[in-house]
Amino acid sequence: MNRILRFCVLVSCCLGVMMALPKPPQKTSMEGDRANRSEATIEGLVRDIACPMQNLDGDATHLSLKCVRDCVKAGSPIGILTKDGEIYLPLSDKMPDYSQRQKLMPFLGKYVQVKGIAFERQGTHAIVITEIKEMKGVRLTLEGQ
């Protein structure tokens with residue numbers, strides 16, 4: 001009985017130590033070979049992603065700024081919609097990932113050029129933004145101001 005008790009105490013101590021140790025950080029493919037990544041420059045409209053996902057008539061130069069602002073205010077994720085209809089989700093350059101919302105809010109409803117590291121996985125596009133600037137020469141049709 002003493003032997004079983006000592007074994008249980010030993011196992012409990014080992015488990016306790018393992019649980020107390022810091023967990024290794026989650027690995028990102030930013031440094032790895034397995035990610036489908038490339039340096040990229042994209043151009044598109046900064047907006048909520050709900051409307052263009054649900055409304056295939058939505059494009060990168062026609063929008064209701066009020067609708068975009070209302071959706072983002074309600075919590076809809078922000079993305080970049082290109083003229084080709086691709087939506088790029090912004091990622092951070094760290095793991096765990098953190099929100100890029102503050103970086104994109106000044107550009108909400110504006111057409112931008114973004115440089116960074118783009119990722120693609122089965123039709124989903126994302127980008128780590130290293131540079132963003134508004135393209136003032138692009139004509140946007142704004143509805144319902």
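You'll find the structure just up there.
Cut-offs and rules
- Residues numbered from 1 in each chain as written.
- Predicted model: local features only at pLDDT ≥ 70, side-chain atom pairs only at ≥ 80, totals over all residues.
- Heavy atoms only, no water.
- Buried < 20%, exposed > 50% of the residue type's maximum accessible area, 1.4 Å probe, protein only.
- Helix = DSSP H or I, 4+ residues; strand = E, 2+ residues; numbered from the N terminus.
- Arc of directions from axis to C-beta.
- Contact = heavy atoms within 4.5 Å.
- Pairing = 2+ DSSP bridges.
- Salt bridge = Lys/Arg side-chain N within 4 Å of Asp/Glu carboxyl O.

For helix H3 (residues 65–73), the complete set of buried residues consists of Leu65, Val68 and Val72. When H3 is viewed along its axis, its buried side chains cluster within an angular range of 65 degrees and face the same direction. In this structure, the buried residues of H3 make contact with strand S1 (37–48), strand S2 (62–64), strand S3 (78–82), helix H4 (101–104) and strand S7 (141–143). Positioned one or two residues after H3, Gly75 has a phi angle of 115 degrees, which is positive.

Turning next to the pairing of S3. Within S3, five of the five residues are buried, which leaves it mostly tucked inside the rest of the structure. Strand direction decides the pairing type here: S1 and S3, joined by five bridges, are antiparallel. When the sheet's bridge partners are listed, Arg47 is paired in S3 with Gly79. Pairing between S3 and strand S4 (residues 87–91): two bridges, direction antiparallel. Residue pairing across strands places Ile80 opposite Tyr88, the latter belonging to S4.

According to the stated counting rule, one finds five salt bridges in the structure shown. Asp48 serves as the salt-bridge partner of Arg47, at 3.0 Å between the closest nitrogen and oxygen. Here Arg47 and Asp48 have matching classes, each one buried. With its nearest N and O atoms 2.7 Å apart, the salt bridge here joins Lys66 to Asp70. Here the residue Lys66 and the residue Asp70 both occupy positions in helix H3, the gap between them amounting to four residues, near one helical turn. Using a relative accessible area of 39% as the deciding quantity, one classes Asp70 as partly exposed. Because the salt bridges share partners, they merge into one network encompassing Lys110, Glu134 and Lys136.

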